[in-house]
Amino acid sequence: NSLKWWLLSATVLSIILSWGRNFMSFNELMLDYFPAYNKFRAVSMTLVIAEFTMPFLAFLALKEIFDNSQISLLRKQSWTESIILRTNLKYSLYIVGGLLLFFIVIGGSLFDFTGSSDAQLEKMGWPDYLISALRSDREWMLKKDAIRSLIFVLITAGIIWSVVNQKLKQNLAFGLIIFVILVDMWG
């Protein structure tokens, strides 16, 4: 429905606003024509909008998936809708999982993992092996987070796949997804 487009637009807008000096022409427009926009302590505070809209969009997608699987269970004739739902779920898993696998395998060679404070640490007399250790820690953090995200994506896709194929009841699936979200947020 049209709500997803509003949520997507608000997400993109908040990301663009968070770029700050990196996209100054847009931010100057916002500062000139939107009252109280200059009262933000940091432009990155606009990412709170994306932190709200992205999970809301995900829950709307889950609602749509569970509603469609419930309808196909009740009607027993909507075989094509079930196939479309399975195909979309597979494509989503392939795209997100492939992107995460890309960062796990090749992500370290794409970035140099230097931080803004590395030059200051060198001026303060830090030895090169400590600064290179910081960079390798940053690379490991990228891989670790990508592996962690891939695990959560696979678990959640498995739960949704089980609901779509009517191997798992929706109430249990809701509980499992809430548990997965709790474990993710707790960490």
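Together, Leu99, Phe102, Val105, Ile106, Leu110 and Phe111 give the surface a local cluster of nonpolar side chains, amounting to about 560 Å² of exposed area. No other element matches helix H4 (residues 79-105), which puts three residues into the nonpolar patch. Considering the arrangement of structural elements, one finds phenylalanine 102 in helix H4. Residue phenylalanine 102 is classed as partly exposed on the basis of its relative accessible area of 35%.

Viewed as axis vectors pointing N to C, helix H7 (residues 128-164) and helix H8 (residues 170-186) meet at an angle of 170°, and their least axial separation amounts to 9 Å. With respect to each other, H7 and H8 are oriented roughly antiparallel. Contacts from Arg148, Phe152, Ile155, Thr156, Ile159, Ile160 and Val163 in H7 reach Gln170, Ala173, Leu176, Ile177, Val180, Val183 and Asp184 in H8. Of the residues in the contact of H7 with H8, the class split is ten nonpolar, two polar and two charged.

Within the structure shown, the criterion is met by seven aromatic pairs. With centroids separated by 5.7 Å and ring planes inclined at 10°, the aromatic side chains of phenylalanine 52 and phenylalanine 56 adopt a geometry described as stacked. Here phenylalanine 52 pairs with phenylalanine 56, and both are found in helix H3 (residues 47-75), just four residues apart, close to one helical turn. Assessed through its relative accessible area of 33%, phenylalanine 56 is described here as partly exposed. Note on phenylalanine 111 and phenylalanine 113: the rings are 5.9 Å apart at their centroids and 70° apart in plane angle, and the pair reads as edge-to-face. Given the relative accessible area of 43%, phenylalanine 111 is considered partly exposed. With relative accessibility at 13%, the residue phenylalanine 113 sits in the buried group.

Its boundaries defined by the atoms lining it, the largest pocket holds a volume of some 2,000 Å³. Residue lining of the largest pocket: 37 residues in total, with Leu57, Ala58, Phe59, Ala61 and Leu62 positioned closest to the centre. Every element with two or more residues in the lining of the largest pocket is listed here: H3, H4, H7 and H8. By residue class, the composition of the lining of the largest pocket is 25 nonpolar, six polar and six charged.

Next up on the list: the packing of helix H1 (residues 2-18) against helix H2 (residues 24-33). The interhelical angle for the contact between H1 and H2, taken along N-to-C directions, is 100°, at an axis separation of 9 Å. Taken together, the axes of H1 and H2 lie roughly perpendicular to each other. For the pair H1 and H2, the contacting residues are Leu13, Ile16 and Leu17 in the first and Phe26, Asn27 and Met30 in the second. Taken together, the residues that form the contact of H1 with H2 break down as five nonpolar, one polar and no charged.

Buried together is how nonpolar side chains tend to be arranged in soluble globular proteins. One finds Phe66, Ile160 and Ile177 to be the most contacted residues of the largest nonpolar core, which totals 13 residues. Going through the elements one at a time, H3, H4, H7 and H8 are the ones with two or more residues in this core. The element contributing the most residues to this core is H7, with five residues. Contacts of isoleucine 177, omitting those with residues within four sequence positions, involve Leu62, Phe66, Ile159 and Ile160.

Rules and cut-offs
Here, residues in each chain are numbered from 1, in the same order as that chain's written sequence. At least 70 in pLDDT is required for a residue's local features to be given in this predicted model, at least 80 for side-chain atom pairs to be given and counted, and no such filter applies to totals for whole chains, interfaces and linings, which use all residues. Side-chain descriptors were evaluated using all non-hydrogen atoms of the structure, hydrogens and water having been removed beforehand. Like-charged residues are merged into a patch within 9 Å and nonpolar side chains (Val, Leu, Ile, Met, Phe, Trp, Tyr) within 5 Å, provided each residue has over 30% relative accessible area and no salt bridge. All accessibility values rest on the Shrake-Rupley procedure with a 1.4 Å probe; residue burial counts only the protein chains present in the view. A carboxyl oxygen of Asp or Glu within 4 Å of a side-chain nitrogen of Lys or Arg is what we treat as a salt bridge. Strands here mean DSSP runs of E at least two residues long; helices mean DSSP runs of H or I at least four residues long; both are numbered from the N terminus. A 1.4 Å probe rolled over the protein chains alone gives each residue an accessible area, and that area as a share of the maximum for its type sets the label: buried under 20%, exposed over 50%, partly exposed in between. An axis is simply a line fitted to the C-alpha atoms; with a helix, the fit covers only the stretch in contact. Between two such axes, the angle follows the N-to-C directions and lies from 0 to 180 degrees. Our angle categories are set so that under 35 degrees counts as roughly parallel, over 145 as roughly antiparallel, 65 to 115 as roughly perpendicular, and the remainder as oblique. Note on contacts: a residue pair qualifies if any of its non-hydrogen atoms lie within 4.5 Å across the two residues. In this count, Pro and Cys sit with the nonpolar residues alongside Ala, Val, Leu, Ile, Met, Phe, Trp and Tyr, while Asp, Glu, Lys and Arg are called charged and the others, Gly among them, polar. Working definition: rings of Phe, Tyr and Trp (its six-membered ring) pair if their centres are within 6.5 Å, and the pair is stacked with planes under 30 degrees apart, edge-to-face with planes over 60 apart, and tilted otherwise. For each structure, a 1 Å grid was placed over the protein atoms alone; sets of points admitting a 1.4 Å probe that cannot get out are labelled cavities, open sets with protein on both sides within 12 Å along at least five of seven lines are labelled pockets, and lining residues have an atom within 4 Å of a point. Grid points are joined across faces, edges and corners, and a volume is the space filled by probe spheres set on the points. By nonpolar core we mean a set of buried residues, namely Ala, Val, Leu, Ile, Met, Phe, Trp, Tyr and Cys, connected to one another through side-chain atoms within 4.5 Å.

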